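Observations on chain architecture
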Amino acid sequence: MTTWTIAPEPVDSPAAAELWRLYYTEVSDRWYLLHEGRRTDPDELEREIAAGAVDGLVPPAGRLLLARYGGEPAGMAGVRLKDASAELKRVFIKDGMRGKGGAPLLVAAAEAAARELGAQRMILDTRSDLVEARTVYARLGYRETERHNDDPYAEHWFTKELAVN
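Residues numbered from 1 in each chain as written. Predicted model: local features only at pLDDT ≥ 70, side-chain atom pairs only at ≥ 80, totals over all residues. Heavy atoms only, no water.

1. Description of the pairing of strand β4 (residues 85-93)
- With eight of nine residues buried, β4 is to be regarded as a mostly interior element.
- Note: strand β3 (residues 72-82) against β4, seven bridges, orientation antiparallel. Along β4, the bridge assignment pairs Gly75 with Ile93.
- With antiparallel pairing between neighbouring strands as the criterion, β3 and β4 make up a hairpin whose turn holds two residues, including Asp83 at a positive phi of roughly 60 degrees.
- Taken together, the two bridges between β4 and strand β5 (residues 121-126) define a ladder with parallel strand orientation. The partner of Ala86 across the bridge, within β5, is Met122.
- For the crossover that starts at β4, traverses helix α3 (residues 102-116) and ends in the parallel β5, the hand is right-handed. (Buried < 20%, exposed > 50% of the residue type's maximum accessible area, 1.4 Å probe, protein only. Helix = DSSP H or I, 4+ residues; strand = E, 2+ residues; numbered from the N terminus. Pairing = 2+ DSSP bridges. Right-handed = clockwise from strand over helix to strand, strands pointing away.)

Laid out in structure tokens, this is it:
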């Protein structure tokens, strides 16, 4: 039986780099196709990857978690402290691995990492076109809230109180 494993990963590892590229390609293409009827320009994609990959997801105040399915890199999620909360960032399961139960496991691991960092609440933002993400967050107990940042691409904000273990 194939299983999921989730562990901290350096943000610049080869496995993380592969997932960053897949993540940015998908979310950027979805945005541009919806709003401008085109895919992301390759040079622009490289700039996005270079500018946003680390994004505070390094110790001591952040973590990148990498999910593997049957030992192969299949997804990631980041956690970073933001004020008294932890922020969930860059949750991604690559195409072909979706629907195998990885997203709930990955978010649960991110919540555990947030508690280890001392957070009692998780916050996140997402876009309207990322319907699947919003569905997963709601199913996992996140509730939509008022805006908590000024990200120009964010259209929905969520929060969840983290139970103390």
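2. Notes on the sheet that holds strand β7 (residues 156-161)
- The strand order across the open sheet formed by seven strands is β1-β2-β3-β4-β5-β7-β6, and the pairing between neighbours is mixed. In this open sheet, the two edge strands, each paired with only one partner strand, are β1 (4-8) and β6 (143-145). Along the sheet, successive strands turn relative to each other by an average axial angle of 30 degrees, direction set aside.
- Bridge count for strand β2 (residues 62-69) against β3 is eight bridges, and the pairing is antiparallel. Of the residues in β3, the one forming a bridge with Leu66 is Met76.
- Its contacts with the sheet put α3 on β1, β2, β3, β4, β5 and β7, and the angle it makes with β4 is roughly 155 degrees. (Axes fitted to C-alpha atoms, helices over the stretch in contact; angles between N-to-C directions. Contact = heavy atoms within 4.5 Å.)

Remember that the coordinates give geometry; whether it matters functionally is a separate question.
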